[in-house]
Amino acid sequence: MRVHDITLANDFSPDELKHICIDAGRFHSDILLLKQDAVIDVKSLLGMMTFPLKKGSVITIRTRGKDEEEALDFMCKIMETC
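Residues numbered from 1 in each chain as written. Predicted model: local features only at pLDDT ≥ 70, side-chain atom pairs only at ≥ 80, totals over all residues. Heavy atoms only, no water.

Trainee: I would appreciate a short explanation of the pairing of strand 2 (residues 30-35) in the present structure.
Mentor: Each regular strand shows side chains that alternate between the opposite faces of the sheet. Sheet analysis places strand 2 next to strand 4 (residues 58-64), joined by five bridges and oriented antiparallel. Bridge assignment links isoleucine 31 to a residue of strand 4, and that residue is threonine 63. Where strand 2 hands over to strand 3 (residues 38-41), the hairpin turn is made up of two residues, of which glutamine 36 adopts a positive phi near 55°. (Pairing = 2+ DSSP bridges. Helix = DSSP H or I, 4+ residues; strand = E, 2+ residues; numbered from the N terminus.)

If you want it as structure tokens, here you go:
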């Protein structure tokens, strides 16, 4: 399991969230976003749409599986640059 805290660089539009979900689906690992009491599966479009991702928010990204390191790198890159 890999865990990384990150501060979001920008707000995310519904279209961006949709693309994140699609891109995350290519990984075999579970990818979760954790914020306070919320746990969101990144591969779930409905979950991502209900999870407010606002600039400056601190979230935890947790990956678990055979390609967890690649999945974590992918998520960090997206969350820091979008």
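Trainee: How should I be thinking about the sheet that holds strand 2 in this particular structure?
Mentor: Sheet strands pair by backbone hydrogen bonding; their relative direction is either parallel or antiparallel. Read across the sheet, four strands follow the order 1-4-2-3 without closing on themselves; strand pairing throughout is antiparallel. What marks the edges here is a single partner per strand, and that holds for strand 1 (2-7) and strand 3. Going from strand to strand, the sheet's axes swing by 25° on average, the running direction of each strand aside. As paired elements, strand 2 and strand 3 share four bridges and run antiparallel to each other. Across the sheet, residue leucine 32 finds its bridge partner in strand 3, namely aspartate 41. (Axes fitted to C-alpha atoms, helices over the stretch in contact; angles between N-to-C directions.)

Trainee: Can you walk me through the packing of aromatic side chains in this structure?
Mentor: Centre-to-centre distance and the angle between the planes together describe a pair of aromatic rings. The full count for this structure, using the stated rule, is one aromatic pair. The ring of phenylalanine 74 carries arginine 26 above its face, with NZ or CZ at 5.2 Å from the centroid. (Phe/Tyr/Trp six-rings, centres within 6.5 Å; stacked < 30°, edge-to-face > 60°. Lys NZ or Arg CZ within 6 Å of the ring centre and 35° of its normal.)

Trainee: How should I be thinking about the environment of valine 3 in this particular structure?
Mentor: Positionally, valine 3 belongs in strand 1. In this structure the C-alpha to C-alpha distance between valine 3 and valine 42, which are 39 residues apart in sequence, comes to 14 Å. Not counting chain neighbours up to four residues away, the residues in contact with valine 3 comprise Thr60, Ile61 and Arg62. (Contact = heavy atoms within 4.5 Å.)

Trainee: Looking at this structure, I do not really get the environment of valine 39. What am I missing?
Mentor: Along the chain, valine 39 turns up in strand 3. In this structure the C-alpha to C-alpha distance between valine 39 and phenylalanine 51, which are twelve residues apart in sequence, comes to 9.1 Å. The residues contacting valine 39, other than those within four sequence positions of it, are Leu32, Leu33 and Leu34.

Trainee: Can you walk me through helix 1 (residues 14-24) in this structure?
Mentor: Because each turn of an α-helix spans 3.6 residues, side chains separated by three or four positions end up pointing in the same direction. Among the residues making up helix 1, those that are buried are Leu17, Ile20, Cys21 and Ala24. The buried residues of helix 1 occupy one face: seen down the axis, they fall within an arc of 100°. (Buried < 20%, exposed > 50% of the residue type's maximum accessible area, 1.4 Å probe, protein only. Arc of directions from axis to C-beta.)

Trainee: What should I look at first to understand unusual backbone geometry in this one?
Mentor: Backbone geometry places glutamine 36, a non-glycine residue, at a positive phi of 55°. Here glutamine 36 is to be found in the loop between strand 2 and strand 3.

Trainee: Is there a simple way to think about the pattern of salt bridges in this case?
Mentor: Between side chains of opposite charge, a pair can form as their charged atoms come close. All told, the structure shown has two salt bridges when counted by the stated rule. Of the charged contacts, one joins glutamate 68 and arginine 2 as a salt bridge, the two residues approaching to 3.5 Å between their closest N and O atoms. Linking glutamate 68 in helix 3 (residues 68-81) with arginine 2 in strand 1, this pair joins segments that are 66 residues apart in sequence. Look at arginine 2 and you get partly exposed, because its relative accessible area is 34%. A salt bridge links arginine 2 to glutamate 69, with the shortest nitrogen-to-oxygen separation between them at 3.3 Å. Taken together, the residues arginine 2 in strand 1 and glutamate 69 in helix 3 connect sequence positions 67 residues apart. (Salt bridge = Lys/Arg side-chain N within 4 Å of Asp/Glu carboxyl O.)

Geometric descriptors of this kind do not, in isolation, establish any biological role.
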